[in-house]
Amino acid sequence: MVASSVLGFPRIGGNREVKKAVEAYWAGKISADELTKVAADVKKTSWASVKAHGVDYIPSGDFSLYDHVLDHSAAFNVIPKRYVGLELSALDVYFAMGRGRQTENVDVPASEMKKWFDSNYHFVVPELSEETEFKLNFNKAVEEFNEAKAAGILTRPVVLGPISYLVLSKAAKDAKPDFQPISLLPRLIPVYKQLLSDLKSAGAEWVQVDEPVLVLDSAAALDKQFTAAYSDLVTIAPKIMLTTYFGRLDSNIAFVSKLPVAGLHIDLDRAPAQLVEVVEALKPTEMVVSLGVVSGRNIWKTDIAAAIKLGQTAIEALGQERVVVATSSSLLHTPVTLASEKKLTAEQKDWFAFALEKAEEVAVIAAVLSGSQDAKVTAALEKNGQSIAKRRRFESTSDDAVRKRVASITPEMLHRKSPFATRQEAQQKHLNLPKFPTTTIGSFPQTKEIRAARAKFTKGQLTQEEYEDFIKKEIDLVVKFQEEVGLDLLVHGEPERNDMVQYFGELLEGFVFTQNGWVQSYGSRYVRPPIIVSDVSRPVPMTVKWSAYAQSVTGKPMKGMLTGPVTILNWSFPRADVTRELQSKQLALALRDEVIDLEKAGIHAIQVDEPAIREGLPLRRVDWDGYLKWAVDSFKLATAGVSDTLQTHSHFCYSDFDDIFPSIQRLDADVISIEASKSDMKLLHTFKQYGYSNQIGPGVYDIHSPRVPPRPEIEERLKAMLAILPSSLIFVNPDCGLKTRGWKETEASLVNLVSAAKWARENY
Ligand code: GLN
Ligand code: ZN
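One structure accompanies this document, and this report is about it. All figures in this text were calculated on a predicted structure; none of them were measured in a lab.

Rules behind the numbers
- Residues numbered from 1 in each chain as written.
- Chains lettered and ligands numbered in written order.
- Predicted model: local features only at pLDDT ≥ 70, side-chain atom pairs only at ≥ 80, totals over all residues.
- Heavy atoms only, no water.
- Donors = N, O, S within 2.8 Å, 3.2 Å for Na, K, Ca; no water.
- Tetrahedral: all angles 85-135°; square planar, octahedral: opposite > 155°, others 65-115°.
- Helix = DSSP H or I, 4+ residues; strand = E, 2+ residues; numbered from the N terminus.
- Near = heavy atom within 4 Å.
- Polar contact = N/O pair within 3.5 Å; in protein donor to acceptor, adjacent residues only side chain to side chain.
- Areas by Shrake-Rupley, 256 points an atom, 1.4 Å probe, with all protein chains shown as cover.
- Nonpolar A, V, L, I, M, F, W, Y, C, P; charged D, E, K, R; others polar.
- Expected span 1.5 Å × (residues − 1).
- Buried < 20%, exposed > 50% of the residue type's maximum accessible area, 1.4 Å probe, protein only.
- Arc of directions from axis to C-beta.
- Axes fitted to C-alpha atoms, helices over the stretch in contact; angles between N-to-C directions.
- Left-handed = near helix turned anticlockwise from the far one by under 90°.
- Contact = heavy atoms within 4.5 Å.
- Pairing = 2+ DSSP bridges.
- Salt bridge = Lys/Arg side-chain N within 4 Å of Asp/Glu carboxyl O.

What follows covers the coordination of the zinc ion (ligand 2). Distances from the zinc ion (ligand 2) to its protein donors, His 651 (NE2), Cys 653 (SG) and Cys 736 (SG), fall within 2.0 to 2.2 Å. With four donor atoms in place around the zinc ion (ligand 2) and angles of 88 to 122° between them, the coordination shape is tetrahedral. Here the donor residues of the zinc ion (ligand 2) are spaced in sequence according to H-x1-C-x82-C. One end of the pair, His 651, is in strand β21 (residues 647-652); the other, Cys 736, is in the loop between α26 (711-722) and α27 (743-763), and 85 residues separate them in sequence.

Let us look at the site of ligand 1. Not every one of the 13 residues close to ligand 1 is listed here, only the nearest: Ser 443, Glu 494, Asp 609, His 651 and Lys 739. Contacts to ligand 1 include Ile 441, whose backbone N or O atom sits 3.0 Å from a nitrogen atom. Separating an oxygen atom of ligand 1 from a side-chain N or O atom of Lys 739 is a distance of 2.8 Å. Starting from 300 Å² of accessible surface for ligand 1 in isolation, the protein chains cover 95%. Taken together, the residues of the shell around ligand 1 break down into six nonpolar, four polar and three charged.

Let us now look at helix α11 (residues 304-318). In this model α11 runs 21 Å from its N-terminal to its C-terminal C-alpha over 15 residues, within 8% of the 21 Å that 1.5 Å per residue would give. All of the buried residues along α11 are Ile 304, Ala 307, Ile 308, Gly 311, Ala 314, Ile 315 and Leu 318. Projected onto a plane normal to the axis of α11, the buried residues spread over an arc of 120° and lie on a single side. Structural note: α11 exposes Lys 309 and Glu 316 on the side pointing more than 90 degrees away from its buried face.

Packing of helix α2 (residues 32-52) against helix α5 (residues 140-150) leaves a shortest axis separation of 10 Å and a crossing angle of 65°. When you trace α2 past α5, the crossing you get is right-handed. Contacts between α2 and α5 pair Ala 40, Lys 43 and Trp 47 from the former with Glu 144, Glu 147 and Ala 148 from the latter.

The subject of this paragraph is the sheet that holds strand β12 (residues 263-267). Across the sheet, eight strands lie side by side as β1-β14-β13-β12-β11-β10-β8-β2; this open sheet has parallel pairing. Lying at the two open borders of the sheet, with one neighbouring strand each, are β1 (3-5) and β2 (59-60). Bridging between β2 and strand β8 (residues 156-160) involves two bridges; their strand directions are parallel. Bridging across to β8, Pro 59 finds its partner in Arg 156.

Attention now moves to the pattern of salt bridges. Applying the stated rule across the entire model yields 51 salt bridges. Where Glu 581 meets Lys 585, a salt bridge forms, and the shortest distance between an N and an O atom there is 3.0 Å. Placement of both Glu 581 and Lys 585 in helix α22 (residues 580-600) is noted, with a separation of four residues, approximately one turn of the helix. Its relative accessible area of 13% is what places Lys 585 among the buried residues. A salt bridge links Lys 719 to Glu 716; its shortest N-O distance comes to 3.2 Å. A residue pair is termed a helical-turn pair when its members lie 3 or 4 positions apart in one helix, as Lys 719 and Glu 716 do in helix α26 at three residues.

Written out as structure tokens, the structure is:
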């Protein structure tokens, strides 16, 4: 028998119950017990429905109220000093670590967040030092295993492995300069031993231990640590399914196949070619191989016939008992179910599979591979074959005008007319910005009123004209606010945007949208990624009307605001039938037209956000150059069609640029704003080291938390920046858009920001 498994399930609830409950708890509207109850219901529903779809190995312990890495930190007592002794409950300390906390007596910033590998999920980065004292504060894996067991469901618990946990951690501020988190492995292992042996005592037969760092180049140097850790853990643990995802093991398979674990999971969605090599390496062992054939990262129906072929290859070498069919990764990155989509056409619906449908796919594939003659299985297999054939027929049609335009892109289209120094002079004549110019990243608070007006408009309760009047009034407010606060380069506030990617997707050809396809981005923040289904083009201007209006109501310069091609691509579910490069270039051409139209409409500064450029980077270094070439070219294609007088801006959040800096330079944006408030300015050294000469706005405060940065704190940050960069390069801005913030903290924060900039003008 070939078993089936799901590596993790969305933890947001079918109707975003978890978001609603967590936010209600933060607002003091429900108690901790009520929150726990909502979470318990969501978990129970997920376990039961995965089981009902016929899956053998059902995950538990992967649920989280904020982030699974943060869950491990809280459990392991990895609680930075600033959160200790605040007289908060354990739950409130947990949330304070995730999002900061500012009340009458407490004022602590959030921990740093980072992108989870190449996904748009963010995890909270653990902070370690020589002084870290690991201990098991609680055992969430056991608790949730028992919770499921009480509901009659035997699960395979999921934990993040010790090596990945340490590799994803950073050195705390007070750590010694040469401190390496991985050096704490010998101290962390006893905690894992306790965690895993408790799981075994609780009755878990298997445990899924995630070691996604095994698909990174850096894992090659950790073979000794892996061997030491797992040789120790297997002595007390349930059977370990060592789990890798998002990429290929490559040469790491040499030591991984020698680890004494009971099973190995590989991602065959991202890296199908590794199958043969992995199976060969496992032959002489007794390990089970888990084949990640159903994508945990996209929403396309699995080609079951193709997956079966992969399964057969493994079975021929290892036998049925040693093969498991699985999702490629956790399904955390996919929406819960297609069943709640009422607006997709029948044709479109037939192309997709969301988490629950994927659970069914793994079960069907496993059943076929086990030789099942069950009528339901046969029918499902046949139906899948028909759906795949229909989608292939659709894919064979294309928009020839778009394809031709991409084919005729010339090198000149990728370059601005003059070098930066010439452009800067031309731009300054139009913009007239002071030293330390202040600006924001684009969005202003998306208030209840804005969301309500949009909802009414979508439902047809507001006419186009009424809605547009409403948006104009919002723009008026935001512009007036910025003038009063004293900002220099204004924005229109993005009130018309439901989301920075969805908004564009809705106006472009080639996308479809879900009604309920939410995916967690971080904490209680979920996004609803659009789906690219065919060639992309721009039938009409998308933002010109709003930016031109905003410019018409102020004498100060207005910054146009677009989302870049690479970010739209990375934050959508892309097509699987053509390359990401082709999709990115199509998007770039559409945006190029928009940028040119904005300039024609009298806008002199345009920001094209590319926060996702880093996260889209392939996980293996050998694949970087290819990606960076087309990603940077796409940005340039979008932004280089204008005259020298136009100041181009770009914005990046959470970007570790050290290793790709030449590509950031090659973007040649006149100004870039970056997240710097939480990453301790380390990025700025890189700018300096490379002699970066265009302008930079390193975020002076963290907008991911409601905390108001006191003015002296912003001044300190500016001082720290000025110690590294010349004053002429610096823009003063928050580290990201303000859409998730309330007006109260936004006003207080920006007042402090502007006065800190004034202080800098007087002192530098
Ligand atoms: N312009 C966008 C905003 O302000 C940028 C958001 C982002 O980078 N994530 O909302
Ligand atoms: Zn940002």
